[in-house]
Amino acid sequence: MSIWRRDLTRNAGRQGLLGGVIALVTSPGFCVVMRARLAIWLHRGGKMARVLSRLVWRGTVRTYGCYIAVTARIGSGLCLPHPIGVVIGEGSVIGSDVTIYQGVTLGRIAQEVEAYPSIEDGAVIYTGATVLGGIRIGRNAVIAAHSVVLADVPDYACVAGAPARVVGIEKSAGVNKSEIKVD
């Protein structure tokens, strides 16, 4: 499945050209993801393409209040149900089928530190969560609303709090719970 089709299905539940046109008009999440992908693609081009990239990026920030850096690496199927206030920093890496809700920040800890988070496939980050530094958020991990994540999150774990702590592990994942400390 193409990246475009996967983004369309995850954000709008539609497929095909007509579904894409309808989603661009009715789904702000799909519109933001498509604009971000266009800006990222243009940014890789020559000087004129970079100017166009900047215009697309600026329009996205102004229209939707969502900042996605053109140097971020984003996998297919990124779902932004409510993209307002989402910030994805320059070095962030996002896997496939990740869901990010409004007000989430993925960034670095300090101006001098160039480490950004890496979000693995299937992760869900709920409203207002802050994920900072060169950390890894595991496959199918869940970050609760308004959590502050400053350390690695294991696969299939659910974290909550400020600072975030593991509060549960998905039982069907086959993860050995004795290896992971649950607070």
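Right above here is the structure, for reference.
Residues numbered from 1 in each chain as written. Predicted model: local features only at pLDDT ≥ 70, side-chain atom pairs only at ≥ 80, totals over all residues. Heavy atoms only, no water.

*Asks:* Please clarify how the overall build of the chain should be interpreted in this entry.
*Replies:* From N to C terminus, the chain includes four helices and 14 strands. The buried share of the chain, reckoned over its 183 residues, is 42%. At a minimum sequence separation of 6, the contacts of the chain that also span at least 24 residues come to 28%. In the form shown here, the chain has an accessible surface area of approximately 9300 Å², with 57% of it arising from carbon and sulfur atoms. (Helix = DSSP H or I, 4+ residues; strand = E, 2+ residues; numbered from the N terminus. Buried < 20%, exposed > 50% of the residue type's maximum accessible area, 1.4 Å probe, protein only. Contact = heavy atoms within 4.5 Å. Areas by Shrake-Rupley, 256 points an atom, 1.4 Å probe, with all protein chains shown as cover.)

*Asks:* For this particular structure, what's the right way to read the side chain of Ser76?
*Replies:* Along the chain, Ser76 falls in the loop between strand S2 (73-74) and strand S3 (87-88). You can call Ser76 buried: its relative accessible area is 11%. The contact partners of Ser76, leaving out residues within four places of it in the chain, are Ile3, Arg6, Asp7, Arg37, Gly95, Ser96 and Asp97.

*Asks:* What is the right way to read the sheet that holds strand S4 (residues 93-94) from this model?
*Replies:* Picture the strands of a sheet paired through backbone hydrogen bonds; they go either parallel or antiparallel. Taken in spatial order, the four strands make up an open sheet running S2-S4-S7-S10, and their pairing is parallel. Whereas interior strands pair on both sides, the edge strands pair on one side only; in this sheet they are S2 and strand S10 (136-137). Where strand S7 (residues 118-119) meets S10, two bridges bridge the pair, whose relative direction is parallel. Across the sheet, the residue bridging to Ile119 is Ile137, located in S10. (Pairing = 2+ DSSP bridges.)

*Asks:* Looking at this structure, how should I read the pattern of salt bridges?
*Replies:* A side chain with one charge may pair with a side chain of the opposite charge, provided their charged atoms come close. Under the defined criterion, the tally for this structure stands at three salt bridges. A salt bridge links Arg136 to Glu120, with the nearest nitrogen and oxygen atoms 3.6 Å apart. Remark: Glu120 occurs in the loop between S7 and strand S8 (124-125) and Arg136 occurs in strand S10; sequence separation between them is 16 residues. In this structure Arg136 comes out as partly exposed when scored by relative accessible area, which is 32%. Two residues, Arg139 and Asp121, come together in a salt bridge whose shortest N-O distance is 3.2 Å. Placement of Arg139 in the loop between S10 and strand S11 (142-143) and of Asp121 in the loop between S7 and S8 is noted, with a sequence separation of 18 residues between them. Here Arg139 falls in the partly exposed class, since its relative accessible area comes to 35%. (Salt bridge = Lys/Arg side-chain N within 4 Å of Asp/Glu carboxyl O.)

*Asks:* Help me understand the environment of Gly128 in this model?
*Replies:* Along the chain, Gly128 falls in the loop between S8 and strand S9 (130-132). Residues Gly128 and His146 lie 18 residues apart in sequence; the distance between their C-alpha atoms is 4.5 Å. Each residue touching Gly128, except ones within four places of it in the same chain, is listed here: Gln102, Gly103, Val104, His146 and Ser147.

*Asks:* So what exactly am I meant to see when it comes to the nonpolar core here?
*Replies:* The nonpolar side chains of a soluble globular protein tend to be buried with one another. The biggest cluster of nonpolar side chains holds 44 residues, and the ones touching the most others in it are Ile94, Ile100, Leu106, Ile119 and Ile137. Contributions of two or more residues to this core are made by helix H3 (28-43), helix H4 (47-64), strand S13 (157-160) and strand S14 (165-169). Sorting elements by how many residues they give to this core places H3 first, with nine residues. In this structure Ile119 touches Val93, Ile94, Gly95, Val98, Leu106, Ile125, Val131 and Ile137, once residues within four positions along its chain are discounted. (Core = buried A, V, L, I, M, F, W, Y, C linked by side-chain atoms within 4.5 Å.)

*Asks:* Sorry, what's going on with the packing of aromatic side chains here?
*Replies:* Pairs of aromatic rings are described using the distance from one ring centre to the other and the angle between the two planes. Going through the model one piece at a time under the given rule, you end up with two aromatic pairs. Ring plane angle 85° and centroid distance 5.3 Å describe the contact between Trp57 and Tyr67, whose orientation is recorded as edge-to-face. Of this pair, Trp57 sits in helix H4 while Tyr67 sits in strand S1 (residues 67-68), and the two are ten residues apart along the sequence. (Phe/Tyr/Trp six-rings, centres within 6.5 Å; stacked < 30°, edge-to-face > 60°.)

*Asks:* It is not clear to me how the sheet that holds S1 should be interpreted in this structure. Could you clarify?
*Replies:* Read across the open sheet, the five strands follow the order S1-S3-S6-S9-S12; overall the sheet is parallel. Only two strands of the sheet have a single neighbouring strand rather than two, namely S1 and strand S12 (148-149). Relative to strand S6 (residues 105-107), S3 is paired through two bridges, and the arrangement is parallel. Bridged to Val87 within S6 is Thr105.

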